[in-house]
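Coordinates in review
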Amino acid sequence: MNNYSRRDFMKWAGAASVFSAMGWPLGALAKMGRSAAKVVVIGGGYGGATCAKYIRKMAPGIEVTLIEQNKRYTTCPFSNTVIGGLKKIEDITHGYDNLRNRHGVNVIHDIAEEVNPAKKVVKLKGGAKLEYDKLIMSPGIEFMWGKIEGYDQAASEVMPHAWKAGPQTTLLRAKIEAMRDGGTVIIAAPANPFRCPPGPYERASLVANYLKKHKPKSKVIVLDRKDKFSKQALFVSGGEALYPGMIEWVSKSAGGTVVRVDTKAMEVENNNGFTYQGDVINVIPPHRAGTIAQRTGLADKSGWCPINQTTFESRKHKDIHIIGDSAIAGKMPKSGYAAASEGKVCAAAVVAELGGLNMPEPSYVNTCYSLVGPEYGISVAAVYRLTKKGITPVKGAGGGSPKVADSTFRNMEAVYAQGWYDSTVADMFR
Ligand SMILES: Cc1cc2nc3c(=O)[nH]c(=O)nc-3n(C[C@H](O)[C@H](O)[C@H](O)COP(=O)(O)OP(=O)(O)OC[C@H]3O[C@@H](n4cnc5c(N)ncnc54)[C@H](O)[C@@H]3O)c2cc1C
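What counts as what
Within each chain, residues carry numbers counting from 1 in the order of the written sequence. In keeping with the model being predicted, local features are shown solely for residues with a pLDDT of at least 70 and side-chain atom pairs are shown and tallied solely at 80 or more, while totals for entire chains, interfaces and linings include all residues. Think of the side-chain values as coming from all heavy atoms in the structure, minus any hydrogens and water. An automatic or database domain assignment supplies the residue ranges for each domain. Two parts lose some accessible area (1.4 Å probe) when they are put together, and adding that loss for both gives the buried area. Salt bridges are counted wherever a side-chain nitrogen of Lys or Arg sits within 4 Å of a carboxyl oxygen of Asp or Glu. Within 3.5 Å is the distance limit for a polar contact, defined as a pair of N or O atoms, with the added protein rule that one can donate a hydrogen and the other accept it, and that residues adjacent in sequence qualify only through two side-chain atoms. Strands are runs of DSSP state E lasting at least two residues, helices are runs of H or I lasting at least four, and both sets are numbered from the N terminus onward. All amino acids are sorted into three groups, where Ala, Val, Leu, Ile, Met, Phe, Trp, Tyr, Cys and Pro are nonpolar, Asp, Glu, Lys and Arg are charged, and the leftover types, Gly among them, are polar. Surface patches are drawn from residues lacking salt bridges whose relative accessible area is over 30%; two like charges belong together within 9 Å, two nonpolar side chains (Val, Leu, Ile, Met, Phe, Trp, Tyr) within 5 Å. To measure how exposed things are, a 1.4 Å probe is used in the Shrake-Rupley method; for residues, cover is taken only from the protein chains shown. Each residue is assigned to one of three classes by its accessible area relative to the maximum for its type, calculated with a 1.4 Å probe on protein chains only: buried under 20%, partly exposed between the two thresholds, exposed over 50%.

1. Considerations on the domain arrangement of the chain
One can read the domain layout of the chain as domain 1 (6-69 + 110-142 + 288-360) and domain 2 (145-285 + 368-429). Spacing between the C-alpha centres of domain 1 and domain 2 amounts to 32 Å. Three residues, Tyr46, Ile141 and Lys334, lead the burial of domain 1 against domain 2; their summed loss comes to 30% of the area buried on that side. Of the charged contacts in the structure, one is a salt bridge between aspartate 427 and lysine 344, with a shortest N-O distance of 2.6 Å. Linking domain 1 to domain 2 there are nine residue pairs in polar contact (both at pLDDT 80 or more). At the level of secondary structure, the elements contributing two or more residues to the side of domain 1 that touches domain 2 comprise α3 (46-58), β10 (141-143) and α11 (336-354). For the side of domain 1 that touches domain 2, the leading source of residues is α3, giving five residues. For the side of domain 1 that touches domain 2, the class distribution of residues is 10 nonpolar, seven polar and six charged.

2. Some details on a nonpolar patch on the surface
Together, Met412, Val415 and Tyr416 make up a nonpolar patch on the protein surface, roughly 270 Å² of accessible area in all. Along the chain, valine 415 falls in helix α12 (residues 407-429). Overall, the relative accessible area of 45% leaves valine 415 in the partly exposed class.

Listed below in structure tokens is the structure:
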């Protein structure tokens, strides 16, 4: 938070703690026969779990209910290490006990099926109806099945996307493990904007790392709908140093756009009618804001949700806030760290609004580590502020790994990547 004096902060913190201690002071609630404001959060991932926890930390008098369909959460961050055989799926899977027992979040494992913004009610698949004063959604992404001809949910069992971590991650890993030496792994990468801009290239690198050791005659082809990608120079130089000749990248201009898949023939076709055959094919389909956000009418024509970039309140419906991958958060990328940062800003906005306080001017942050190899890390970081153009990176704050660095430096970045993972997960779930 910036542009906020110490006096302002003391006032804000004081007011927040008063309603924390006394329960909810609004007369309107008393009339409704309630003593606490109700916040419902849909989605217990990076955005939602962080937001739910931080609302309770800032204002324990607020009743927070988190709706999450899965009993345990598998992180997409580090899921490429599972696909590359460096970690097990259990290493990246976490439970909700601390949110429940330590932070007093009411965690319900169910699917939010419908929202009535006029009545301010969320209906769950199990039949329960939950009233809210403020609703926060962080439902992640929904795949646009069929946009690539032949690529539907059934096809993803043959050609996994592994872009939501869990069974798809282990399926892709099993296919790579079972592949013959001399085989080809194809990764079809989506156009912008998409979840985790460096993700496909980290995946190509860690698959190559496995193949080099266990099936050295094999190769990885990345078919891309883009002509440039995140941390490109760093990925390319790292890949050439560690896996010379093993990874081929086909840009959009060179025919990387996959328009059709054939799961029986194990081939994909590009927009010039050229087919590529693969032994293992990983298709990352185009995606958009999560299903419940679409169903509630929160997305615009782009498929993503426009928001007030200070409070993350929807531009479509009052008292519904959207964070994480689903939201159009200015220049912030669709990353876990960004989602968590948005979750904290949104928590402050909701606590401030419910308490009749002014929202301090927010500051947002993103740091993204990628592994080119188990001992070769690269990173990019940025701090963001709100300007007339929306959430914008602050010039000179942050930056990327140097293009030239020795092996100790790259190794240290891989160590920091693990530290990043452990601390972000602790911030969500401990
Ligand atoms: C391979 C890969 C690697 C990545 N690596 C990194 C990385 O290194 N660093 C990084 O910062 N980011 C990384 N990301 C991106 C990161 O995973 C996402 O940006 C982040 O998870 C977004 O958080 P979110 O809260 O928006 O959605 P999610 O984390 O997907 O959480 C959404 C949650 O909502 C639940 N949900 C959805 N709809 C409903 C409903 N109707 N009812 C109940 N529950 C519901 C889902 O079950 C899910 O648990 C990676 C992504 C991928 C695919």
